[in-house]
Amino acid sequence: MKKILPFLLLAFVTLFVFSCDDNNDNVVGDGDTYSRMRDITGSFNNSNGYGVNQAIEINPSDVVLVYRWVGNSWQIIPKTYYLDDEQNYPVNRELDYNFQFDNQNVEIYTSANFNQATQMSSNDIGKYLNNQRFRIVLVPAAASKNAATVDTSDYNAVVKYYNLDETKVKTTKVN
């Protein structure tokens, strides 16, 4: 019996050591990041290079979605608008909204196939450049990896999928 006891003790300790190995590489989420939103309002003009900026803090692997308020709904950008042909302006004018981002900043800007400073009517300027409202949606990479089924062009689907609370959206006037 004296000879069997050390072997049983060794077997028990070995079983305990291997069963407690926590060498697990599966990461479900980082636990402290979550989807969030921010509204910004600003005007595009020659002095700001037809761009507005908003500071953000995200991981380099996170995703940014930007929507523009149009009428009574959110429309995803990038987006091209084909402006009406008007007298004294070039025909087939196209105005594009786009954005770029890094882990510290989102820049929303317009570009056009015409001179925005001189070839837009006051109606066009009021509709497309002045006091534009955007919603920036920050989505953590862990959440975006499983989001292949979400139609990001549908703002309401994004809000529902990421369980976003629209009552807590902060608003910033950028210029």
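Residues numbered from 1 in each chain as written. Predicted model: local features only at pLDDT ≥ 70, side-chain atom pairs only at ≥ 80, totals over all residues. Heavy atoms only, no water.

Considerations on the sheet that holds strand 4 (residues 73-77)
No. 1: If you walk across this open sheet you meet the 5 strands as 4-3-8-1-9, and the pairing is mixed. The open sheet has two edge strands with one neighbour each: strand 4 and strand 9 (170-173). Neighbour-to-neighbour, the strand axes of this sheet turn through a mean angle of 30°, independent of strand direction.
No. 2: When strand 1 (residues 36-42) meets strand 8 (residues 132-139), the two strands line up antiparallel, connected through 7 bridges. Looking at strand 8, one finds that Met 37 is bridged to Val 137. (Pairing = 2+ DSSP bridges. Helix = DSSP H or I, 4+ residues; strand = E, 2+ residues; numbered from the N terminus. Axes fitted to C-alpha atoms, helices over the stretch in contact; angles between N-to-C directions.)

Focus: the side chain of Thr 110
No. 1: The residue Thr 110 is located in strand 7 (residues 105-112) in this model.
No. 2: There is a polar contact of 2.8 Å between the side chain of Thr 110 and the side chain of Gln 116.
No. 3: Sequence-distant contacts of Thr 110, that is, excluding residues within four places in its chain, are made with Phe 44, Tyr 50, Leu 95, Asp 96, Tyr 97, Gln 116 and Leu 129. (Polar contact = N/O pair within 3.5 Å; in protein donor to acceptor, adjacent residues only side chain to side chain. Contact = heavy atoms within 4.5 Å.)

So, unusual backbone geometry
No. 1: Cis rather than trans, the peptide bond between Ile 77 and Pro 78 has omega equal to 15°.
No. 2: Within the secondary structure, Pro 78 is located in the loop between strand 4 and strand 5 (79-82).
No. 3: Even without a glycine there, the phi angle at Tyr 50 is positive, about 55°.
No. 4: Structurally, Tyr 50 is set in the loop between strand 1 and strand 2 (51-55).
No. 5: Even without glycine at this site, Asn 131 takes up a positive phi of about 45°.

Overview of the confidence of the model for the chain
No. 1: For the chain, per-residue confidence averages 83 on the pLDDT scale, and 77% of positions sit at 70 or higher.
No. 2: Of the regions scoring below 50 in pLDDT, residues 15-33 engages in 5 contacts with residues more than four places distant in sequence or in other chains. (pLDDT = per-residue confidence, 0-100.)

Describing the sheet that holds strand 2
No. 1: With respect to topology, 4 strands assemble into an open sheet ordered 2-7-6-5, the strand pairing being antiparallel. Of all strands in the sheet, those bounded by a partner on one side alone are strand 2 and strand 5. With strand direction ignored, the average angle separating the axes of adjacent strands in the sheet is 15°.
No. 2: In terms of strand pairing, strand 2 meets strand 7 through 5 bridges, oriented antiparallel. Across the sheet, the residue bridging to Gly 51 is Tyr 109, located in strand 7.

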